[in-house]
Amino acid sequence: MLTEFAFTPGVFERESYESDKVWSDTLRALAAEMFPRTGPSPVVASDLFSGSLLPEIRKQVRRIENDNVRFLADGLLTKIQQVAVQRPGMRNWPESDLDWFQESLASHRDEPIGRIVSTRSTIESGEISDPSVYPVEDTNEDKFWNGIGMSSSPHLIADEQMNLLRTMLLHADWIAIINPYSVDNERAFVRAIYANATTRKPGYDVPDFEIHGQLDGRFEASSQQSNAEDLKKSLAIIHSIESNISIFFWPKFLDRYVVAGTYTSTSSEVKRKKIRWGVSMSHVARDNDQPDVRTSWHLMQKDGLRHVESKFLSAESRESIQSIEIGSSDGSVRRAQRKVF
Amino acid sequence: MITGISIENFKGVRDRIHLGLRPITLLFGANSAGKSTVTDALNFFESVLTAGSATFRDLTAAENGDARNELSFERLVHNHDLSQVMRLGVECELTQGDRNVSVNSMEDTASSSDWGGPTSYEISLPDEFRSISIEFEISSILDGRDHATSRTGFLRGFTVSYNDEPMVHVVDRRQKHGHLNGYEWTADLNHPLLSEIDQSGEIQFSNIHHRIIADDHDPPLKDGFYQAFSEQEEIPSDPAATFLNAFVLKAFRTLKLRLSQRRTIGGIRDIPHRDSIPMPCNTSMRWSNGLAAWDYLAHCDRRSLDKVNYWLGSERLGARYQLKQRVLVDFQDCVDHVRAFEQHEDPARMQSHFELQHRSERRIGLVPEYDQFHDESPFLHPSEVGTGLSQIIPVIVACIHPDPCFSSIAQPDLHLHPRLQSELGDLFIHSFNTDQRNRFLLETHSEHLILRILRRIRETHAGTVREELKIATDDLAIYYISQDKGFTQIQMIEADVRGEFIQPWPDDFFELDFYERFG
């Protein structure tokens, strides 16, 4: 599903290709696979060294002499910047393509990058063998794109499912788990996501969490509150780092989503959630599932994300939600909310 | 300025929508998605407010003498369904000058002062009351069995709100009971404004429910409610009712003033005819086809002309032409007046010289920028330069006009080169940012226009842009308008300080370039 790419600046240099035509064809192939017109992009792009890589590549692109290639490279880079995620710097300031390659490897060892794409000469100079490293000409081959796509059919195994979500969980400032049974019999999945998302290396902030569950008519509100408290306590036990967790209860719903995004702000310094990624899920792994059974997951398109945002995340949708306060183990007050029927 | 509009059951809009209007509000959407519905709703609202008429005459058509575009309630109500109630609301901000409310009351002689004359109250609205709004309810006339008996719209009620909180709701009882019985209102006594006055102890609002303020009033439909609240109306004797009446009147007059101050520039601007004489005053109708801009340019002072030429010039739009005024006078008149000057012998002729300007004809034309200071440079009629130039000039004039106002402009980017479309973004920012504080409602398809505005937001946050081009995220509202199964849908898209959209853009508008490039 969502896969992280890191390019080195050499990918945008003339010397890396036999001819301008090969270069253009490579850029076209990359654009077609990374940004399909029929659906959401299945990639994110590493902006290494705290967001310094892509501006460096932009400088490189501006120097391309062939107008047609520069036109394509500029367009591709603009799209890449739209799916960029920042990674903290690992080494000294990279001066050369090899330095950027080494930087990407160091970052990859910290938190894996799905595809590191560089030039063949840079890779050979690096003298490092890693299955995630590819020379740019390999991007024209089908095997390079294996496992990268808008859909996936994972087994009902928590580890496998977490691996599919890992890129999203790593780079999100906030994560919303929307699952009717998130505080009932699918809370193991919630715990797994929480554990994965909060296990981050230094330089990566811990995300905030929203857990959306269903207020089941079988239970009294007080039972749900008790479930929510149990869940929250169990999440807090996983790690000593405690992120902000909000729990929301809604009337009956059927959807299972994990959506995530970043924080941004307006001029009046209002912190706003910006939704970036989402996965809709038919089923999620539970403790007693048969591990050989598969389910289907899909990256969400823009209209799906907007739907989730307006239905579950927007201030308007929460206007009629009644708050329930949940005391946490550390004595602070956490807020859970319940949709008023 | 006008700060919001709400629409329900109007043209393609079925469910109620509310658009908050900011200094720059952009309406995006495909052709026929319903972008013009917002401007049409404003025009229709004004028509009802000023004339009590639930009929809307398209301004452009009216200027051209085409009465066929007079749209009735039946044509405007959603789905042409006469059983629907159309609701249109407009909100405007209260300026300091709007805060005084005059309350004139004829007190009951039995219980008041010796002379029993009129008593005046003058109150000032507290600063925390920042906006007022009116929402009209318009329906076709119903008989007692709720059957439509007319295809004409009828103003059956309205709500006046202060600070977005409904204060007074007025209904026409003819609608409720099928017979003429006048108007009836209900006040929300918990409204902060009424509570404040109530707590002063001077006025008691306890018995104000269901007070009829216009018994046996039988105006023709076109007179509607506005007449009921006009100054000529009989003044209620109850002091509390008098206050409410004053607040309602205040809302009507303030909104009427604001709407009269706005300019609506249509999607296709006319080029003045070669033989036409510029009119000395601007009317809203002549703004709709852009001719008011040419009128203004022919009569404006040098400073205003320089402002327009600055935007046309190479530093900004790079139109390669500059505007120039010419005053045409009769040759023999000139000769006579020169002689009179030389001889100082005829005071009457001296006097008539000062009238010469009045009798002269003024013309506005264009000269090539490179040759603008040369007396022999060709003086070109607007039809002799590119179409884009003639289309953009009314937009520039609306932006630099000395009277600040709310301008709604359809396709300001019409016929413009992409680079000029970007510059338009700066023009609008500059216009609201300088002393004029103009506001704009823009229907557009221009990616370049919005990208420039987003860039200025980014630069404003980074502190790298000049003062007059600064724009904050809260100064911009973007609405994406689309059609879904015949219904107009509106989604707001916000920008963050990085000049990026917070919500995903609903369609591939900003990706077309990419897919064309790589297709």
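Residues numbered from 1 in each chain as written. Chains lettered and ligands numbered in written order. Predicted model: local features only at pLDDT ≥ 70, side-chain atom pairs only at ≥ 80, totals over all residues. Heavy atoms only, no water.

As annotated in an unreviewed UniProt entry, chain B carries the name Endonuclease GajA/Old nuclease/RecF-like AAA domain-containing protein and comes from Allorhodopirellula solitaria.

The next thing to look at is the overall build of chain B. The helix and strand tally for chain B stands at 16 helices and 20 strands. Here chain B holds 519 residues, and 54% of them are scored as buried. Of the roughly 23600 Å² of accessible surface on chain B, a fraction of 47% belongs to carbon and sulfur atoms. (Helix = DSSP H or I, 4+ residues; strand = E, 2+ residues; numbered from the N terminus. Buried < 20%, exposed > 50% of the residue type's maximum accessible area, 1.4 Å probe, protein only. Areas by Shrake-Rupley, 256 points an atom, 1.4 Å probe, with all protein chains shown as cover.)

The subject of this paragraph is the overall build of chain A. Assigned secondary structure in chain A consists of ten helices and 14 strands. Looking at chain A as a whole, 56% of its 341 residues qualify as buried. A sequence separation of at least 24 residues applies to 71% of the contacts in chain A between residues at least 6 apart. For chain A, the exposed area adds up to about 15100 Å²; of that, 45% sits on carbon and sulfur atoms. (Contact = heavy atoms within 4.5 Å.)

Another point: the pattern of salt bridges. Tallying each qualifying case throughout the model produces 43 salt bridges over all chains. A:Glu186 is paired through a salt bridge with A:Arg286; the nearest N and O atoms lie 3.8 Å apart. Here A:Glu186, found in the loop between strand E7 (174-178) and helix H8 (187-198), pairs with A:Arg286, found in the loop between strand E11 (271-281) and strand E12 (297-299); they are 100 residues apart in sequence, far enough to count as distant. A relative accessible area of 1% means that A:Glu186 is categorised as buried. One salt-bridge network, held together by shared partners, links B:Arg316, B:Glu423, B:Asp426, B:Arg452, B:Arg455, B:Arg456 and B:Glu459. (Salt bridge = Lys/Arg side-chain N within 4 Å of Asp/Glu carboxyl O.)

Next up on the list: the packing of aromatic side chains. Evaluation of the coordinates by the stated rule reveals 33 aromatic pairs over all chains. On the numbers, 5.7 Å between centres and 85 degrees between planes, the contact of A:Phe35 with B:Phe514 is edge-to-face. Within this pair, whereas A:Phe35 is found in the loop between helix H1 (20-34) and strand E2 (43-47), its partner B:Phe514 is found in helix H16 (residues 512-518), the two belonging to separate chains. On the basis of relative accessible area, B:Phe514 is assigned to the buried category, the value being 5%. Note on A:Tyr134 and A:Phe144: the rings are 4.8 Å apart at their centroids and 80 degrees apart in plane angle, and the pair reads as edge-to-face. Residue A:Tyr134 is located in strand E5 (residues 133-135), and its partner A:Phe144 is located in the loop between E5 and strand E6 (151-152); the two are separated by ten residues in the primary sequence. Under the relative-accessibility criterion, A:Tyr134 is labelled buried at 16%. Residue classification places A:Phe144 among the buried positions, given a relative accessible area of 0%. Through pairs of rings, three or more aromatic residues link up here, namely A:Phe5, A:Phe7, A:Phe12, A:Tyr134, A:Phe144 and A:Trp145. In this structure, A:Lys79 is placed above the aromatic ring of B:Phe514, and the distance from its NZ or CZ to the ring centre is 5.2 Å. (Phe/Tyr/Trp six-rings, centres within 6.5 Å; stacked < 30°, edge-to-face > 60°. Lys NZ or Arg CZ within 6 Å of the ring centre and 35° of its normal.)

For the rest of this paragraph, the subject is the sheet that holds strand E18 (residues 439-443) of chain B. Residues and elements named next belong to chain B. Spatial strand order, E14-E17-E18-E3-E19-E20: six strands in an open sheet with mixed pairing. Because the sheet does not close on itself, it has two edges, and the strands there are strand E14 (263-265) and strand E20 (487-493). In this sheet, adjacent strand axes meet at a mean angle of 15 degrees when their direction is disregarded. Sheet topology places strand E17 (residues 406-410) next to E18; five bridges connect them, and they run parallel. Across the sheet, residue Ser 408 finds its bridge partner in E18, namely Leu 441. Sitting on the sheet, helix H15 (residues 447-462) is in contact with strand E3 (24-29) and strand E19 (476-484), with an inclination near 140 degrees to E3. (Pairing = 2+ DSSP bridges. Axes fitted to C-alpha atoms, helices over the stretch in contact; angles between N-to-C directions.)

On the chain A side, the residues contacting the 27 residues of chain B number 25 residues. Of the roughly 2300 Å² buried where chain B meets chain A, counting both sides, 49% is carbon and sulfur surface. For the interface between chain B and chain A, the tally reads six salt bridges. The salt bridge involving A:Lys274 is made with B:Glu500; its shortest N-O contact spans 3.0 Å. (Buried area = accessible area lost by both parts, 1.4 Å probe.)

All names here are of chain B. Relative to the helices and strands, Glu 361 is located in strand E16 (residues 361-368). Residues Glu 361 and Arg 326 lie 35 residues apart in sequence; the distance between their C-alpha atoms is 8.3 Å. Apart from residues lying up to four places away in sequence, Glu 361 is in contact with Ile 277, Arg 326, Val 327 and Leu 328.

Our focus in this paragraph is the sheet that holds E2(A). Residues and elements named next belong to chain A. Judged by pairing direction, the sheet is parallel, and its five strands sit side by side in the order E3-E2-E1-E4-E5 without closing on themselves. Each edge of the sheet is formed by a strand with only one pairing partner; in this case those strands are strand E3 (84-86) and E5. The average undirected angle you get between the axes of adjacent strands in this sheet is 35 degrees. Of the strand pairs in this sheet, strand E1 (residues 3-7) and E2 are connected by three bridges, and their pairing is parallel. By the bridge assignment, Thr 3 is partnered in E2 with Val 43. Strands E1, E2 and E3 of the sheet are contacted by helix H3 (residues 53-62), whose axis makes an angle of about 90 degrees with E2. Along the sheet face, helix H5 (residues 97-110) touches E1, strand E4 (115-118) and E5 and points at about 175 degrees away from the line of E4.

There is about 1200 Å³ of room inside the second largest pocket. As for the second largest pocket, its lining consists of 33 residues, and the residues nearest its centre are A:Arg306, A:Ser310, A:Ser314, A:Glu316 and B:Met492. Only E11 and helix H10 (302-313) of chain A together with strand E2 (17-20) and E20 of chain B provide two or more residues apiece to the lining of the second largest pocket. (1 Å grid on protein atoms, 1.4 Å probe; cavity = no way out; pocket = protein on both sides within 12 Å on 5 of 7 lines; lining within 4 Å. Points joined across faces, edges and corners; volume = space filled by probe spheres on them.)

Here the focus is the packing of helix H13 (residues 387-400) of chain B against helix H14 (residues 418-433) of chain B. Residues and elements named next belong to chain B. Taken N-terminus to C-terminus, the directions of H13 and H14 make an angle of 25 degrees; their axes are 9 Å apart at the nearest point. When the interaxial angle is binned, H13 and H14 end up roughly parallel. Listed contacts from H14 to Ile 392, Val 395, Ile 396 and Cys 399 of H13 are Leu 424, Leu 427, Phe 428 and Ser 431. A class-by-class count of the residues in the contact of H13 with H14 yields seven nonpolar, one polar and no charged. (Parallel < 35°, antiparallel > 145°, perpendicular 65-115°, else oblique. Nonpolar A, V, L, I, M, F, W, Y, C, P; charged D, E, K, R; others polar.)

With that settled, consider the nonpolar core. Residue and element names in this part refer to chain B. By size, the foremost hydrophobic cluster in this structure holds 61 residues, and its most contacted members are Ile 5, Phe 45, Met 86, Ile 134, Phe 136, Tyr 162 and Phe 247. In terms of residues, this core owes the most to one element, helix H7 (residues 239-260), which gives nine residues. A domain-level breakdown of this core finds at least three residues from each of domain 1 (2-260) and domain 2 (263-483). The contacts of Ile 134, once residues within four sequence positions are left out, are Phe 45, Leu 49, Leu 88, Gly 89, Val 90, Phe 158, Thr 159, Val 160, Ala 251, Phe 252 and Leu 255. Judged by nonpolar contacts, the second largest core, of 58 residues, contains Ala 298, Leu 317, Leu 366 and Leu 424. (Core = buried A, V, L, I, M, F, W, Y, C linked by side-chain atoms within 4.5 Å. Domains from an automatic or database assignment.)

Turning to unusual backbone geometry, a few remarks are in order. Residues and elements named next belong to chain B. We note that His 80 has phi near 55 degrees; this positive angle belongs to a residue other than glycine. Here the phi dihedral of Asp 164 falls at roughly 65 degrees; this positive angle occurs in a residue that is not glycine. Turning to its location among the elements, Asp 164 is positioned in the loop between strand E10 (148-162) and strand E11 (165-172). Taking relative accessible area as the criterion, Asp 164 reaches 57% and is therefore assigned exposed.

As a further point, take the packing of H14(B) against H15(B). Residues and elements named next belong to chain B. Here H14 crosses H15 at 50 degrees, and the two axes come no closer than 7 Å. It follows from the interaxial angle that H14 and H15 lie oblique. Handedness of the H14/H15 crossing: right-handed. Contact with H14, carried on its side by Pro 418, Gln 421, Ser 422, Glu 423, Leu 424, Gly 425, Asp 426, Phe 428 and Ile 429, involves His 448, Leu 449, Arg 452, Ile 453 and Arg 456 of H15 and no other residues of that element. (Left-handed = near helix turned anticlockwise from the far one by under 90°.)

Next up on the list: the pairing of E1(A). Residue and element names in this part refer to chain A. A large share of E1 lies buried, amounting to five of its five residues. With respect to chirality, the unit in which E1 leads through H1 into the neighbouring parallel E2 is right-handed. Where E1 lies against E4, three bridges are found, and the strand directions are parallel. Each bridged residue has a counterpart across the sheet, and for Phe 5 the counterpart in E4 is Arg 115. (Right-handed = clockwise from strand over helix to strand, strands pointing away.)

Turning to helix H7 (residues 158-171) of chain A, a few remarks are in order. With 14 residues, H7(A) should reach 20 Å at 1.5 Å per residue; the first-to-last C-alpha distance of 20 Å fits that figure. The largest bend in H7(A) is about 55 degrees, located at A:Leu165. (Expected span 1.5 Å × (residues − 1). Bend = angle between axes of the 7 residues up to and from the residue.)

With that out of the way, let us pick up H8(A). Residues and elements named next belong to chain A. Counted at 1.5 Å a residue, the expected span for H8 with its twelve residues is 16 Å, and the 16 Å between its end C-alpha atoms agrees. Burial of H8 is extensive: nine of the twelve residues sit out of reach of the surface. Within H8, the full set of buried residues consists of Arg 187, Ala 188, Phe 189, Val 190, Ala 192, Ile 193, Tyr 194, Ala 197 and Thr 198.

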